[in-house]
Amino acid sequence: MAVETITPDWEFDRFDDGSTKIHTEVQLKNYVNFLEDYTSQLKGIEDALDESIGDVWDFTLDPIALKLLPYEQSSLLELIKTENKVLNKVITVYAALCSEVKKLKYEVRTTFCNSGVFGVQKDTSMVEGESQIQMGRFISFLQELSCFVSRCFEVVVNLVHQLASLYSSSKNATKIIESSGVHFQTVYEHLGELLVVLMTLDEIMENHGTLKEHWKMYKRLLKSVHHNPSKFEIPEEKLKPFEKLLLKLEGQLLDGMIFQSSGICSPGLVDGRRNSSTFAEEFAHNIRTIFTNVESKLGEPSEIDQRDKYAGVCGLFVLHFHIFRTVDKKLYKALLDVCKKVPAVTLIANIVWFPDTFLVNKVPAAAKVMDRKSMQSLRSMREASLQQRAQALPKDVQSYYVFVTSWMMKMESIMSKEQKSDKFSEDLSSRCNIFVQGILYAYGISTIIKTTMNLYMSMQKPMTKASVKSLCRLVELLKSIEHTFHRRSAVVADSVAHITHQLQSQALAAIATAKKRVISDKKYSEQRLDVLSALVLAENALNGPSTKERRLMVSLALSVGTQMKTFKDEELLPLQLVLKKLDLISELRERVKVQCDCGFLYWHRAVFPIYLDDVYDHAVDAARIHYMFSALRDCVPTMLHAKHLETCDQLLESYDKEIMEVFNEHLLDKLCKEIEKDLRLSVHTHLKLDDRNPFKVGMKDLAHFFSLKPIRFFNRFIDIKAYVTHYLDKTFYNLTTVALHDWATYSEMRSLAMQRYGLMMTEAHLPSQTLEQGLDVLEIMRNIHVFVSRYLYNLNNQIFIERTSNNKHLNTINIRHIANSIRTHGTGIMNTTVNFTYQFLRKKFYIFSQFMYDEHIKSRLIKDIRFFRETKDQTDQKYPFERAEKFNRGIRKLGITPDGQSYLDQFRQLISQIGNAMGYVRMIRSGGLHCCSSAIRFVPDLEDIVNFEELVKEEGLSEETQKAARVLDSVLSDLTSNSAEGTEYFKMLVGVFAPEFRSVKNMHLRNFYMIVPPLTVNFVEHSIGCKEKLNKKNKGGAAFTDDGFAMGVAYILKLLDQYQEFDSLHWFQAVREKYMKEMNAVVKEQNVQATSQDEKLMQTMNLTQKRLDVYLQEFELLYFSLSSARIFFRADKTAAEENQEKKDKEEASRPATSNGTPGGSASSSDTTTK
């Protein structure tokens, strides 16, 4: 900051009142406060990031990056200051022009090339007229490009003029400086770079077929507008200038003549230069020198930017031809010979430049000299070169893989090693070499990828899968180099500053030696003075930051300073090497970024599916996918310059969508399906599945994908582990809802996913059902008529068992299943189920009534009742067993069904179905209690449940909390009422049917108690037959329980209030006596026959005894079941007793009157009892 000296006049009027000091102190205090506050903020950030902060940076997560490019505000005029004014002017002019070339090159690469490459794109889904709209948007870009090309031409002309004026062979012209030994090679190189810019634009336009096609459509549209301008609301006077503009743009840009029409053949450039032999020789000399330097490095490991320079040399050669109209055939042949090594050069993205085509087209005079055979061999060489390159790819991948990994290890070790003060210089030199080596590897890999892919594309040759995989491996290696530099950004940034200082000091030492040599020579000449001034300028430039302007000045100054053998040969080469290293290290970050940029992959997106398939097949090194996504992200900055769409976001969205669709299809979805398949097969190993022996069918460990960090792409992170987990969660949840009984299988698969793949899955929290559950409550309710006929009831275990099944197993239904179903559907289903059961019983009781009303049945029952009343004294109040058997046989005589069943068998089945329905109601009640008790088990006291709503209101909590408390209260009240109400269902079903059963119009039902003995005989015979079938091979009709019959008999007897009538028969006692009597007779017979030794007779006796045992046991079981069933219906009390008990309860609940006494009610009760 420059401080102006205070003039004496002002000093005289100066007056210090102390206000300045006060103001300074206030500002200083504010600054101190700011620093303290800022320090505390930084400390807070450091503490927060304490765990994650470190020397290693993450490419995908870092919100900031270090920019290492040296920078200063001094202009060229301020920097180029020596006492030699003429030399100052010469260096300033060339430096300014070279800087301008660099700016134009940067502008074309960042703006015009990207916009041109992404210009108007062909789209099959494009609607009519969209192409013209896109072209209309593109016109403004073409105008800007036209201005840019014009500016490039002006710079080319200026450069040629400036060089020509320095090397003028005219005797009349004033000599600026002694130029005989001065070769401004740097200026020619910059001129070549600018020509390459124009060649690049030519190639872009030449390769853009869609642009030309849309341009024609746009011109056609313009003609139709011209015929009817009023229709399109365009003033006619504006159309002609616009048409002229389009013609100018077409001629300048779209005809592939940017390089030639940019004025290279213009008289303004050629006139007066053609006769300058000195300039022609100097021009040719510089081309040869640059070409010699380039050719020696092409294809070598140390090659870095020689291909671009080769394109520049070809451009300079053509320019030389157009200016001087002379051809150096030897150089021309040498330039073409390089095509054997370098058949094509990638200029930008997918734009390939063929040097042979360029030289033949632009220098036709020289092409005529070449024989036709050699010209044809050049074309065939491309294909041979591509084939050779494809064959060498696996080898290149292997060698570069070793090189890059070893380089990464060296980089990590040298960066993490502490620098020792005594070996500081050696350490810096080794770091410099490592950095340069990284750039060289990046350049080599980048060249192979771009050249191979773009050659395949331009020559329209198909790539093999092996080539694609190899190229993708190289892309990964390229990005790994960039990531390695980024990981150590902090250390690299620190090292770069020290390395540049070291290189500058080495260069300064070499220049100082040469300067001493010049000063020691006392011979004075203008040329020596120029040399000395140039060396001083180089020293001044090196004493400062290593900006591109200063390095350019050093290069230009040494072009003058190296003449007159100022430097010895052994001094000059090391100096040139140091300056080359200084260039690379100063632009390290930019060089790495340019060489590792994979934006060209946008044009080769077709390789991505093949790459993903390869990653999926070789899951062991799945981590490499991060590098590929990093490469795909490189396409984004270039897409931001697209001009043909309304916004570039449309292009970005379509690219994002395309990549994600491919990624999902070729990796994520395949991975999800494979993991699900593996889990299913592992869980179902008990089934006969395909052979899964890894030694026979191979093994793919997909767990590696789940150890990957989330992949960054656009503004999202793709977490493979989370994606697969979500897929499995969603699938398992959906399938469990469809088939709730599979919950255990999916639960097992979840735990296996955690154990095998580390996937933390979410529990479904669906109402669980057990594996053996056959039917749901809702299903049973809807088909209760089918259920009671197909299932058998077991009274003691409260379980229903399927009668028969086509499967190898029988379904069972118990209380736990019912409780789960009630939990699934809600407690409201219990009442609905009982209602359905009531409807079912109504229909069954109608059939029951018809059977009892039948004359055959009714007459036999009346006869039996009369018989029992008449003979009960003789039979000891017991109903005779023989009478029951006779009834059973008599019914069979009435007729049987096709499947061999009598009417009594069907009646027994009807009663069993009624009993099954009652058993189902009992199970519903038990299931409801089970469900409610498990839900209400957290309530401490059911008798004293607090009102949460009142408590919440007392505390004055929010409306939402009050609403939640209200809901909780209603839930608790529902649970308590449901858990209590479940016990009343039997009473309800008795109460609803009993009045009708006991009414006068249904007197025929009163005979029912007399049909029970024959029914029991029929049931026992049926039951024994079913149990015997269990031991047979054909188990059709086999059963071991059918308590529905006992339940049905007990229920009907209760409805008819006939427990006493049935008990008066003493039926089961009669049965027991009958069988005991027969068994005693058999035992006596056995004792008598024991002496006769008749084996057959003894076997018959044993079988008879066994049969009698079985029958007696079955009758006993039936008696116990019937006794148990009667308890549910309070069999100890008659209907009259129940009514009296009800009245007593009602009277007890009334308040006692003044006259009445408790004793009175007791006496009345006694009377009733008597």
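Residues numbered from 1 in each chain as written. Predicted model: local features only at pLDDT ≥ 70, side-chain atom pairs only at ≥ 80, totals over all residues. Heavy atoms only, no water.

Peer 1: Just give me the short version of unusual backbone geometry, but keep the residues and values in it.
Peer 2: Of note in the backbone geometry, Gln798 takes a positive phi value of approximately 50 degrees without being a glycine. As for its position among the elements, Gln798 is in the loop between β5 (791-794) and β6 (799-802). Residue Gln798 is classed as buried on the basis of its relative accessible area of 10%. The phi dihedral of Asp1057 falls on the positive side, at around 55 degrees, and the residue is not glycine. Since its relative accessible area comes to 25%, Asp1057 is described here as partly exposed. (Helix = DSSP H or I, 4+ residues; strand = E, 2+ residues; numbered from the N terminus. Buried < 20%, exposed > 50% of the residue type's maximum accessible area, 1.4 Å probe, protein only.)

Peer 1: Residues and numbers for the nonpolar core, please.
Peer 2: Side chains that are nonpolar tend, in soluble globular proteins, to be buried together. Judged by nonpolar contacts, the single largest core of 221 residues is most densely connected at Phe184, Phe435, Phe663, Phe705 and Ile720. Considering each element in turn, this core owes the most residues, 16 residues, to helix α5 (residues 130-166). Once residues lying within four places of it in the same chain are set aside, the contact partners of Phe705 are Val615, Tyr616, Ala619, Ala622, Leu667, Leu671 and Ile720. Core analysis: the next-biggest nonpolar cluster, separate from the first, contains 90 residues, Ile813, Ala819, Tyr985 and Ala1125 among them. (Core = buried A, V, L, I, M, F, W, Y, C linked by side-chain atoms within 4.5 Å. Contact = heavy atoms within 4.5 Å.)

Peer 1: Describe the pairing of strand β1 (residues 345-348), listing the residues and the values that go with them.
Peer 2: Note: β1 against strand β2 (residues 351-353), three bridges, orientation antiparallel. Paired with Ile348 across the bridge in β2 is Ile351. Where β1 hands over to β2, the hairpin turn is made up of two residues, of which Ala349 adopts a positive phi near 50 degrees. (Pairing = 2+ DSSP bridges.)

Peer 1: Can you lay out the pattern of salt bridges for me, pointing to particular residues and giving the numbers?
Peer 2: With the rule as written, the count across this model stands at 49 salt bridges. For Arg624, the salt bridge is made with Asp614, and the minimal N-O distance between the two is 3.1 Å. One end of the pair, Arg624, is in the loop between α24 (607-617) and α25 (625-633); the other, Asp614, is in helix α24, with 10 residues separating them in the sequence. Here Arg624 falls in the buried class, since its relative accessible area comes to 6%. One salt-bridge network, held together by shared partners, links Asp305, Arg551, Lys580, Asp583, Glu587 and Arg591. (Salt bridge = Lys/Arg side-chain N within 4 Å of Asp/Glu carboxyl O.)

Peer 1: Describe empty space enclosed by the protein, listing the residues and the values that go with them.
Peer 2: Enumeration according to the criterion identifies five cavities of 30 Å³ or more in this entry. Estimated volume of the largest cavity: approximately 80 Å³. Broken down by class, the residue content of the lining of the largest cavity amounts to five nonpolar, two polar and four charged. Contributing elements (two or more residues each) for the lining of the second largest cavity: α11 (277-297) and α12 (306-324). (1 Å grid on protein atoms, 1.4 Å probe; cavity = no way out; pocket = protein on both sides within 12 Å on 5 of 7 lines; lining within 4 Å. Points joined across faces, edges and corners; volume = space filled by probe spheres on them. Nonpolar A, V, L, I, M, F, W, Y, C, P; charged D, E, K, R; others polar.)

Peer 1: How would you summarise the packing of helix α42 (residues 1044-1056) against helix α45 (residues 1095-1128) if you had to cite specific residues and measurements?
Peer 2: With their axes 8 Å apart at the nearest point, α42 and α45 run at an angle of 50 degrees to one another. Looking at the two axes, α42 sits oblique to α45. When you trace α42 past α45, the crossing you get is right-handed. Along the contact surface, α42 presents Phe1045, Ala1046, Met1047, Val1049 and Ala1050, while α45 presents Leu1118, Ser1121, Leu1122, Ala1125, Arg1126 and Phe1128. (Axes fitted to C-alpha atoms, helices over the stretch in contact; angles between N-to-C directions. Parallel < 35°, antiparallel > 145°, perpendicular 65-115°, else oblique. Left-handed = near helix turned anticlockwise from the far one by under 90°.)

Peer 1: So, the sheet that holds β6: which residues are in play, and what are the values?
Peer 2: Through backbone hydrogen bonds, the strands of a sheet pair up, either in parallel or in antiparallel fashion. Strand order in the open sheet made by the three strands is β5-β6-β7, with antiparallel pairing throughout. Of all the strands in the sheet, just β5 and β7 (812-814) have a single pairing partner and so form its edges. Taking the axes of each pair of neighbouring strands and ignoring which way they run, one obtains an average angle of 20 degrees across the sheet. In terms of strand pairing, β6 meets β7 through three bridges, oriented antiparallel. When the sheet's bridge partners are listed, Ile799 is paired in β7 with Asn814. Where helix α37 (residues 903-936) meets the sheet, its contacts fall on β5, β6 and β7, and the angle it forms with β6 comes to roughly 130 degrees.

Peer 1: Can you break down helix α27 (residues 649-683) residue by residue, with the values?
Peer 2: In a regular helix each residue adds 1.5 Å, so 35 residues correspond to 51 Å; α27 covers 47 Å between its end C-alpha atoms and thus fits that length. If you look at α27, its biggest bend is around 45 degrees, right at Asn664. (Expected span 1.5 Å × (residues − 1). Bend = angle between axes of the 7 residues up to and from the residue.)

It is worth stressing that arrangement in space is one thing and function is another; only the former is reported here.
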